[in-house]
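Here is how the chains run, residue by residue.
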Amino acid sequence: YFSPSRTVENIALLRKLGQKEFFVLDDVFIANPKHMERIYIELESKGIPIQNTFKFFAHIKCLNPTTLKWIDKFKPIRLQVGIESGDDRMLKEMGKTFLSDEAKSKLDALSKLKIPVTGLFLVGYPTEDEKSLQNTLQFIRSCRSKMQSIWVSIYQPVFGTVGYEVAKIRNPNGIHPGRSNTVTYVDPNLTEEMIIRYRDYMFDEYELASLKRLFKRSVLAVLPEFFAAFLRKQMRATKQFVSRKNE
């Protein structure tokens, strides 16, 4: 990666061109807290705004007390966290080195720091079945208050990526080359309709929670004014009653 000074020079140049927000696409940036610290110090020395300026990507295993400390100092606009699945079997199949309980605890730690999180999920990976899809849906349901948004991708068996060989063995006639926004691989455990349906369930589950939070905030915002207006009305009525009584 570039040195901290080179990185900050690029940020300063982009700011002169009018760019105010930056997405650090390096998915191991969070893995090196010393590098985060050096960039933070360099930004600070140049007087470049730090908080609410950056978006980061984070792996679950890279979230620890040291990295959380620097994430909190940066106060990012958004932290994209690769969770992938809420099913422990699928996490092992994907080669992940964490289980769903650890993912939940890391989301809890980020929530306590009030870091806005986008949870990233993947459906349709080789050996996925309806039970694992249901477990991911339940994971999203149980953690939705700790994520400000989610994104659910559909697995695509691109040559050279993890899972491609397994997908080729499990359904050799079901692999369509290239990337697209449609379903390009269907595991024998699933149907295309099932993959799309559960992805929609996951989005709907989160959006319903978002609407509930919005409604709650709206009610809390309106209630104080409602009660203030009610009290003012009662006070006017009381004054009128006392005035008539004195007459």
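The rules behind the values
Residues numbered from 1 in each chain as written. Predicted model: local features only at pLDDT ≥ 70, side-chain atom pairs only at ≥ 80, totals over all residues. Heavy atoms only, no water. Helix = DSSP H or I, 4+ residues; strand = E, 2+ residues; numbered from the N terminus. Buried < 20%, exposed > 50% of the residue type's maximum accessible area, 1.4 Å probe, protein only. Lys, Arg positive; Asp, Glu negative; His and termini not counted. Salt bridge = Lys/Arg side-chain N within 4 Å of Asp/Glu carboxyl O. Phe/Tyr/Trp six-rings, centres within 6.5 Å; stacked < 30°, edge-to-face > 60°. Patch = residues over 30% accessible without salt bridge, like charges linked within 9 Å, V, L, I, M, F, W, Y side chains within 5 Å. Areas by Shrake-Rupley, 256 points an atom, 1.4 Å probe, with all protein chains shown as cover. Expected span 1.5 Å × (residues − 1). Arc of directions from axis to C-beta. Polar contact = N/O pair within 3.5 Å; in protein donor to acceptor, adjacent residues only side chain to side chain. Core = buried A, V, L, I, M, F, W, Y, C linked by side-chain atoms within 4.5 Å. Contact = heavy atoms within 4.5 Å.

Caption draft 1: How the structure looks around the side chain of E128. Within the secondary structure layout, E128 lies in the loop between β4 (117-123) and α6 (130-143). Lacking a salt bridge, the buried E128 has R89 as its closest oppositely charged neighbour, with an N-O distance of 5.7 Å.

Caption draft 2: How the structure looks around the packing of aromatic side chains. What the rule picks out here adds up to 14 aromatic pairs. Summarising the aromatic geometry, the rings of F54 and F74 are spaced 5.8 Å apart at their centres and angled 85 degrees between planes, so their arrangement reads as edge-to-face. Separated by 20 residues along the polypeptide, F54 in strand β2 (residues 54-59) and F74 in helix α3 (residues 65-74) bring together distant segments of the chain. Both residues of the pair, F54 and F74, belong to the buried class. Measuring from ring centre to ring centre gives 5.3 Å for F56 and F74, while their planes differ by 80 degrees; the resulting arrangement is edge-to-face. A residue pair is termed long-range when its members are at least 10 positions apart, and F56 in strand β2 and F74 in helix α3 qualify at 18 residues. Like F56, the residue F74 is buried in the burial classification.

Caption draft 3: Summary view of a nonpolar patch on the surface. A grouping of L13, L14 and L17 is seen on the molecular surface, where their side chains present a nonpolar patch of about 320 Å² in accessible area. Looking at where L13 falls in the secondary structure, it is placed in helix α1 (residues 4-16).

Caption draft 4: Broad picture of the pattern of salt bridges. The final tally for this structure, using the stated rule, is 13 salt bridges. The partner of K168 in a salt bridge is E165, with the nearest N and O atoms 3.4 Å apart. Here the residue K168 and the residue E165 both occupy positions in helix α7 (residues 164-170), the gap between them amounting to three residues, near one helical turn. For K168, a relative accessible area of 37% gives the class partly exposed. For D187, the salt bridge is made with R170, and the minimal N-O distance between the two is 2.6 Å. Taken as a pair, D187 in the loop between α7 and α8 (192-246) and R170 in helix α7 lie far apart in primary sequence, 17 residues in all. With a relative accessible area of 0%, D187 lands in the buried category.

Caption draft 5: Layout of α6. In this model α6 runs 20 Å from its N-terminal to its C-terminal C-alpha over 14 residues, within 8% of the 20 Å that 1.5 Å per residue would give. What α6 keeps buried is the set S132, L133, T136, L137, F139, I140 and C143. Projected down its long axis, α6 carries its buried residues within an arc of 155 degrees, all on one side. N-cap assignment for α6: the residue whose side-chain oxygen lies 3.2 Å from the backbone N of K131 is D129.

Caption draft 6: Quick peek at the nonpolar core. The biggest cluster of nonpolar side chains holds 51 residues, and the ones touching the most others in it are I30, L43, F74, L79, I83 and M147. With six residues, α8 is the single largest residue contributor to this core. Those residues in contact with I83 that lie beyond four places of it in its chain are I60, L91, F98, A103, L107, G119, L120, F121, F139 and M147. In this structure, M90, Y155, Y164 and Y185 belong to the second largest nonpolar core, which totals nine residues.

Caption draft 7: Looking closely at the environment of M147. With respect to the helices and strands, the residue M147 is situated in the loop between α6 and β5 (149-154). We classify M147 as buried; its relative accessible area is 0%. With 59 residues separating them along the chain, M147 and Y206 place their C-alpha atoms 8.8 Å apart.

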